[in-house]
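Spelled out from the first residue to the last, the chains are:
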Amino acid sequence: MARPSVIVTTYNQPRQLELVLWGYGAQTFRGFEVVVADDGSGPETRAVVERMRAETGLRIVHVWHEDRGFRKTEILNRAILASSGDYLLFTDGDCIPREDLLATHVRLARPGHFLSGGYLKLSADVTAAIGVDDVREMRVADPTWLRAHGWRGGRHGVRLTRSAALAAALDRLTPTRPTWNGHNAGGWKDDVIAVNGYDTDMAYGGLDRALGERLENAGIRGVQVRFRAPVLHLHHERPYADPEKVRRNREFRARIRREGIVRAPLGIDEMAADATLRVDG
């Protein structure tokens, strides 16, 4: 059985991070750690992590470096190295897991593959309505509760189906190919390290997909679990999105696919020591 570490990225979103950590506190599968990959947040985030250790009983490792702009890929690589599990579930600090997320990943994990989970995007109004008890009691994953608070999921609501048979059938039938997504993807630590982790030269826009494409070039195949393993994506803006950097990332990803690149040119092995790095927990 896989021994999972959950790697959660965050940057100055303490309220959303608290809700997400409560989601992991509500998991039916136990015996895992959470590694918070913190791209330079202020003291409010550290305070949330310390409080949540006590309130949830989770083992939470806080990996932090100073804020020098968008360096998500670097802090992700630091979190990979700080993790103790053999299976890594990657997600973001704005994605609340349903209570069976980890159990599903552990059940479906198998050698030579990674899992491509799904998400349901929530509006600003619904996001604002969610409280700690709504997460702890998993009302947040109940379509009836969501609709009562203004959610208009339409056809996407089926992603929260509680029917295991229907979810498995939809994962088989969906035309959407399995990709490595930052909100919900899991794979074996040895495989992620073998492709040199995340490319620290990549900015926002496809940096997660690039890792998955390199895994596929290494022979690691994606498995679609978007209906069996959903998370709820809280609303937020993206001021860090730079169209020029997104274009450059897209060009590099095309080269990864064209040339069959496996290892990140600037990944785990190329990272220099960082005097500001702090690993607590």
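Given the structure is predicted, the values throughout are model-derived calculations rather than measurements. (Residues numbered from 1 in each chain as written. Predicted model: local features only at pLDDT ≥ 70, side-chain atom pairs only at ≥ 80, totals over all residues. Heavy atoms only, no water.)

**Details of the packing of helix α1 (residues 14-25) against helix α2 (residues 43-56)**
Inference 1: Two elements in contact, α1 and α2, have axes whose closest approach is 10 Å; the angle formed by their N-to-C orientations is 20 degrees. Looking at the two axes, α1 sits roughly parallel to α2. For the crossing formed where α1 meets α2, the hand is right-handed. Every residue of α2 that contacts α1 at Pro14, Leu17, Glu18, Leu21 and Trp22 is listed here: Glu44, Thr45, Val48, Val49, Arg51, Met52, Glu55 and Thr56.
Inference 2: Grouping the constituent residues of the contact of α1 with α2 by class yields seven nonpolar, two polar and four charged. (Axes fitted to C-alpha atoms, helices over the stretch in contact; angles between N-to-C directions. Helix = DSSP H or I, 4+ residues; strand = E, 2+ residues; numbered from the N terminus. Parallel < 35°, antiparallel > 145°, perpendicular 65-115°, else oblique. Left-handed = near helix turned anticlockwise from the far one by under 90°. Contact = heavy atoms within 4.5 Å. Nonpolar A, V, L, I, M, F, W, Y, C, P; charged D, E, K, R; others polar.)

**Quick look at α1**
Inference 1: Over its twelve residues, α1 extends 16 Å from the first C-alpha to the last, a length consistent with the 16 Å expected when each residue adds 1.5 Å.
Inference 2: Within α1, nine of the twelve residues are buried, which leaves it mostly tucked inside the rest of the structure. (Expected span 1.5 Å × (residues − 1). Buried < 20%, exposed > 50% of the residue type's maximum accessible area, 1.4 Å probe, protein only.)

**Here we look at the nonpolar core**
Inference 1: Residues Tyr24, Val34, Ile96, Ile130 and Leu232 are the most contacted members of the largest nonpolar core, which totals 47 residues.
Inference 2: Considering each element in turn, this core owes the most residues, six residues, to α1.
Inference 3: If we skip the residues at most four places from it in the chain, Ile96 touches Leu19, Val20, Gly23, Ile130, Val135, Val140, Val231, Leu232 and Leu234.
Inference 4: Residues Ala37, Val195, Tyr198 and Ile256 belong to the second largest nonpolar core, which totals 27 residues. (Core = buried A, V, L, I, M, F, W, Y, C linked by side-chain atoms within 4.5 Å.)

**A look at the pairing of strand β1 (residues 4-10)**
Inference 1: Buried residues dominate β1, accounting for seven of its seven residues.
Inference 2: Along β1, one buried face is formed by Pro4, Val6, Val8 and Thr10 and the opposite face, lined by Ser5, Ile7 and Thr9, is buried too.
Inference 3: As paired strands, β1 and strand β4 (residues 87-92) are joined by six bridges and run parallel to one another. Directly across from Thr9, in β4, lies its bridge partner Asp92.
Inference 4: In this sheet, strand β2 (residues 33-38) lies alongside β1 in parallel orientation, the contact comprising six bridges. Across the sheet, residue Thr10 finds its bridge partner in β2, namely Asp38.
Inference 5: Note on the crossover from β1 through α1 to β2: the handedness is right-handed. (Pairing = 2+ DSSP bridges. Right-handed = clockwise from strand over helix to strand, strands pointing away.)

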